[in-house]
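Coordinate inspection notes
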Amino acid sequence: MGGGSADSAPPIGTAQIDKGGCFLETTGVKASAAPQAGRASVPGRMNVGVAHSEVNPNTRVMNSRGIWLAYTILVGLLHVVLLSIPFFSIPVVWTLTNVIHNLAMYVFLHTVKGTPFETPDQGKARLLTYWEQMDYGLQFTSSRKFLSISPIILYLLASFYTKYDAVHFLINTASLLSVLLPKLPQFHGVRLFGINKY
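Note that residues are indexed from 1 along each chain, following the sequence as it is written. A pLDDT threshold of at least 70 governs which residues receive local features in this predicted model, and a stricter bar of 80 or more applies before side-chain atom pairs are shown or counted, although totals over entire chains, interfaces and linings include all residues. Calculated side-chain values reflect all of the structure's heavy atoms, with hydrogen atoms and water omitted.

What counts, and what does not: UniProt positions are given in the numbering used here, feature names are shortened, and annotations may be inferred rather than shown by experiment.
As named in an unreviewed UniProt entry, the chain is ORM1-like protein 2 isoform X1, taken from Equus przewalskii. Regarding the chain, the relevant UniProt record gives this comment under Subunit (unreviewed entry): "Ceramide-sensitive subunit of the serine palmitoyltransferase (SPT) complex, which is also composed of SPTLC1, SPTLC2/3 and SPTSSA/B." The Subcellular location (unreviewed entry) field of the UniProt record for the chain holds the comment "Membrane".

The following block contains the structure:
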C-alpha cells in the first residue's frame, strides 16, 4: 500500500537527549531546516516533540510583534470600561485602573511560576516566575524596560488626574512599589520570608 515502507527510507539522524532537552541530530539536512532561535538553533539540531523552536517560549513572548500595542490597548480598554460605570468619579477610576493593572501585573509576572506548555528544559522553569524567565533572565532588555516604565507612566497619570489627593496618592504609591520592587535585579530569584518558594 503506497509503494514503500518506512524501513526502506534513509535515516535523517539520531535522537539525542541532553540537559537542554530532546534533539534530533540531523545528517544530510541543510542547517536552514533547523530552528532559528534559542539553544535548539545549533545547526543540524531540531527540537523534537514540541510545536515551537524555543526551549521555553515564555522567554520571547514580550518580544513578539504587536504585544506592546496590545498591552497598551488592554490597559486603555480597562480604563474606558471603568469610566463607563456611572457612580465612579474620575479620580476613583484612575486609581482603580492603576491598582487593577498593578495587581494583574504582580500576579502574572511575579507570582505565577512555570510555563503554560510542556517544555523540554527538564523543569528548569518550574520554579521561576514569568519575570525571571523573560529574555532568558537578562536584565534591562527592551521588554523589561517597557514593563517597568508602563506602571510608572500609569502612576504619574493617576496622580495627576487625582490632583495628588493624599488618599489616592498613598494607594497609588503602594500599588506602584508592589510591582516595581520585584522587578529590580537585586530581587531576581529572591523569595522574601519564603513566600512563593515552591
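1. Re the environment of Asp135
Going by this rule: Numbering of helices and strands runs from the N terminus, with a helix taken as a DSSP run of H or I at least four residues long and a strand as a DSSP run of E at least two residues long. Summary of the burial criterion: residues with accessible area below 20% of their type's maximum are buried, those above 50% are exposed, and those between are partly exposed, where the area comes from a 1.4 Å probe applied to protein chains only. Any two residues whose heavy atoms approach within 4.5 Å at even a single point are treated as in contact. Any pair of N or O atoms that falls within 3.5 Å is considered a polar contact. Within protein, one atom must be able to donate a hydrogen and the other to accept it, and sequence-neighbouring residues count only if both atoms are side-chain atoms.
Tracing the sequence through the fold places Asp135 in the loop between α3 (130-133) and α4 (142-161). Exposure remark for Asp135: the relative accessible area of 4% places this residue in the buried category. Each C-alpha atom, one on Asp135 and one on Asn63, is 8.5 Å from the other, the two residues being 72 residues apart in sequence. Excluding residues within four positions of it along the chain, Asp135 makes contact with Thr59, Arg60, Asn63, Thr141, Ser143 and Arg144. Among the polar contacts made by the side chain of Asp135, one reaches the side chain of Ser143 at a distance of 2.6 Å.

2. Some thoughts on the confidence of the model for the chain
Applicable threshold: Within a predicted model, pLDDT stands for the predictor's per-residue confidence, ranging from 0 to 100.
When pLDDT is averaged along the chain, the result is 78, and 68% of the positions lie at 70 or above. Confidence drops under a pLDDT of 50 for residues 31-41, and excluding neighbours within four residues, the segment shows 28 contacts in the predicted structure.

3. Quick look at the packing of helix α2 (residues 90-111) against helix α5 (residues 166-180)
Spelled out, the test is: Axis definition: a line fitted to C-alpha atoms, over the contacting stretch in the case of helices. Angles run 0 to 180 degrees between N-to-C directions. Angles below 35 degrees are treated as roughly parallel, those above 145 as roughly antiparallel, those between 65 and 115 as roughly perpendicular, and all remaining angles as oblique. Crossing handedness follows the turn of the near helix against the far one: under a right angle anticlockwise gives a left-handed crossing, and clockwise gives a right-handed one. Each residue gets one of three labels, nonpolar for Ala, Val, Leu, Ile, Met, Phe, Trp, Tyr, Cys and Pro, charged for Asp, Glu, Lys and Arg, and polar for the others, Gly among them.
With their axes 9 Å apart at the nearest point, α2 and α5 run at an angle of 15 degrees to one another. If you check the angle between α2 and α5, you find them roughly parallel. As α2 runs across α5, the sense of the crossing is left-handed. Residues Pro91, Val92, Thr95, Asn98, Val99, Asn102, Met105, Tyr106 and His110 of α2 touch α5, and the partners they reach there are His168, Ile171, Asn172, Ser175, Leu176, Ser178 and Val179. Per-class residue counts for the contact of α2 with α5 are 8 nonpolar, 8 polar and no charged.

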